[in-house]
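Architecture at a glance
Single-letter residue listing:
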Amino acid sequence: MSTGETKYGEGQLLAVPALRKDGRHISIEFSIQLLEDVNGQIEWVVAILRDVTERYNRDTALRTELKALQART
C-alpha cells in the first residue's frame, strides 16, 4: 500500500467468500481504490463491497446442472 501499486487492475472486482456478523457465509465482490492528497501521497483507502451470494449460488447450480447433462451424453 505504501507504493500505491497493486497487482489488480484499475477497478477490477475481486470475489471472495465472507462471513457475516451473524455467522452466515456469503459471497462478496469488492474493489479498492487508493485516494491521494495534493502531494500524491496515499491519504485514503476506499473499498466498495457487494453481496453477490444469490448470483453465486445460481451460477454454481447452473454449472452443476450442465456437468450432469454433459455426463449423460
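Here's a quick rundown of the structure. (Residues numbered from 1 in each chain as written. Predicted model: local features only at pLDDT ≥ 70, side-chain atom pairs only at ≥ 80, totals over all residues. Heavy atoms only, no water.)

Before going further, it helps to spend a moment on the nonpolar core. General note: in soluble globular proteins, nonpolar side chains tend to be found buried as a group. Membership of the largest hydrophobic core is limited to 5 residues, which are Leu14, Ala18, Ile26, Ile28 and Phe30. Only strand 1 (14-19) and strand 2 (25-36) provide two or more residues apiece to this core. Tallying contributions element by element places strand 2 first for this core, with 3 residues. (Core = buried A, V, L, I, M, F, W, Y, C linked by side-chain atoms within 4.5 Å. Buried < 20%, exposed > 50% of the residue type's maximum accessible area, 1.4 Å probe, protein only. Helix = DSSP H or I, 4+ residues; strand = E, 2+ residues; numbered from the N terminus.)

Below, the discussion takes up the pairing of strand 2. Inspection of the sheet shows strand 1 paired to strand 2 by 6 bridges, in the antiparallel sense. Residue pairing in the sheet places valine 16 in a bridge with isoleucine 28 of strand 2. Between strand 1 and strand 2, which pair antiparallel one after the other, the connecting turn spans 5 residues, and glycine 23 there sits at a positive phi close to 95°. Pairing geometry for strand 2 and strand 3 (residues 42-51), over 9 bridges, is antiparallel. By the bridge assignment, serine 31 is partnered in strand 3 with isoleucine 48. Taking the residues between adjacent antiparallel strands as the criterion, strand 2 and strand 3 are bridged by 5 residues, where glycine 40 takes a positive phi near 85°. (Pairing = 2+ DSSP bridges.)

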